[in-house]
Amino acid sequence: MENESAIAALGALAQGTRLDVFRLLVRHEPDGMAAGDIARALDVPQNTMSAHLGILARAGLVRSERHSRSIIYRADLDGLRALTLFLVKDCCAGNAELCAPLVAELAPCC
């Protein structure tokens, strides 16, 4: 992951509604949720929700699939793993062995 991608992902999650959306989608893995259902669950207007989902998708944190007339959104857990691995890769002031268990757990998924 590059700095720009990490900044986009962190920026997307730095807004309250988008963080709520992402957490909601994580709870609904692997089935995902339709955009309208997400909007209703969080009491957000559908057009506003579309903008939030677009930002999360461009940041690599959600993905979507069309099912008939609905678009189903899912949390992109690989994107989250990549972001987390990027953040902890050089951790612990050069004592990587302190973070090794976490990095080892995340690395195979990315």
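Residues numbered from 1 in each chain as written. Predicted model: local features only at pLDDT ≥ 70, side-chain atom pairs only at ≥ 80, totals over all residues. Heavy atoms only, no water.

Engineer: How should I be thinking about the overall build of the protein chain in this particular structure?
Structural biologist: Scanning the protein chain from terminus to terminus reveals 6 helices and 3 strands. Across the 110 residues in the protein chain, those meeting the buried criterion constitute 33%. Here the contacts in the protein chain between residues at least 6 apart in sequence split such that 52% fall between residues at least 24 apart. Per element, the accessible surface of the protein chain, about 6700 Å² overall, is 52% carbon and sulfur. (Helix = DSSP H or I, 4+ residues; strand = E, 2+ residues; numbered from the N terminus. Buried < 20%, exposed > 50% of the residue type's maximum accessible area, 1.4 Å probe, protein only. Contact = heavy atoms within 4.5 Å. Areas by Shrake-Rupley, 256 points an atom, 1.4 Å probe, with all protein chains shown as cover.)

Engineer: Would you explain the pattern of salt bridges in this entry?
Structural biologist: Should the charged atoms of two oppositely charged side chains come close, the side chains can pair. In this structure the tally under the stated criterion is 3 salt bridges. The salt bridge involving Arg74 is made with Glu65; its shortest N-O contact spans 3.6 Å. On the accessibility criterion, Arg74 (14% relative accessible area) is buried. Owing to a relative accessible area of 41%, Glu65 belongs among the partly exposed residues under this scheme. The partner of Asp78 in a salt bridge is Arg81, with the nearest N and O atoms 3.1 Å apart. Taken as a pair, Asp78 and Arg81 lie in helix 5 (residues 77-88) at a separation of 3 residues, close to a single helical turn. Classification of Asp78 as partly exposed rests on a relative accessible area of 44%. Using a relative accessible area of 26% as the deciding quantity, one classes Arg81 as partly exposed. (Salt bridge = Lys/Arg side-chain N within 4 Å of Asp/Glu carboxyl O.)

Engineer: Could you clarify how one ought to interpret helix 3 (residues 35-42) in this entry?
Structural biologist: At 3.6 residues per turn, the α-helix brings residues three or four places apart onto the same side. Along helix 3, the positions that sit buried rather than exposed are Gly36, Ile38 and Ala39. The arc that holds the buried residues of helix 3, viewed along the axis, is 160 degrees, so those residues lie on one side. Looking at the packing, one finds that the buried side of helix 3 touches helix 2 (16-27), strand 1 (33-34), helix 4 (46-58) and strand 3 (70-75). Just downstream of helix 3 lies Asp43, where phi reads positive at about 55 degrees. (Arc of directions from axis to C-beta.)

Engineer: Would you mind showing me how to read the pairing of strand 2 (residues 62-67) here?
Structural biologist: Walk down a regular strand and you will see the side chains alternate between the two sheet faces. Pairing analysis gives 6 bridges linking strand 2 to strand 3, with the strands arranged antiparallel. From the neighbouring strand, Val62 faces strand 3, where its bridge partner is Ala75. In this structure, the hairpin formed by strand 2 and strand 3 is closed by a connection of 2 residues, where Ser68 is found at a positive phi of approximately 60 degrees. (Pairing = 2+ DSSP bridges.)

Engineer: What's the story with the sheet that holds strand 1 in this structure? I'm lost.
Structural biologist: With antiparallel pairing, 3 strands are arranged side by side in an open sheet as 1-3-2. Both edges of this open sheet fall to strand 1 and strand 2, since each of them pairs with a single strand only. Where helix 2 meets the sheet, its contacts fall on strand 1, strand 2 and strand 3, and the angle it forms with strand 3 comes to roughly 90 degrees. (Axes fitted to C-alpha atoms, helices over the stretch in contact; angles between N-to-C directions.)

Engineer: Looking at this structure, I do not really get the environment of Leu10. What am I missing?
Structural biologist: Tracing the chain through its elements places Leu10 in helix 1 (residues 3-13). A residue is classified by how much of its surface remains accessible, and Leu10, at 40% relative accessible area, is partly exposed. Once the C-alpha coordinates of Leu10 and Ala59 are considered, the two residues, 49 residues apart in sequence, prove to be 8.3 Å apart. Other than its neighbours up to four places away in sequence, Leu10 contacts Leu83 and Leu87.

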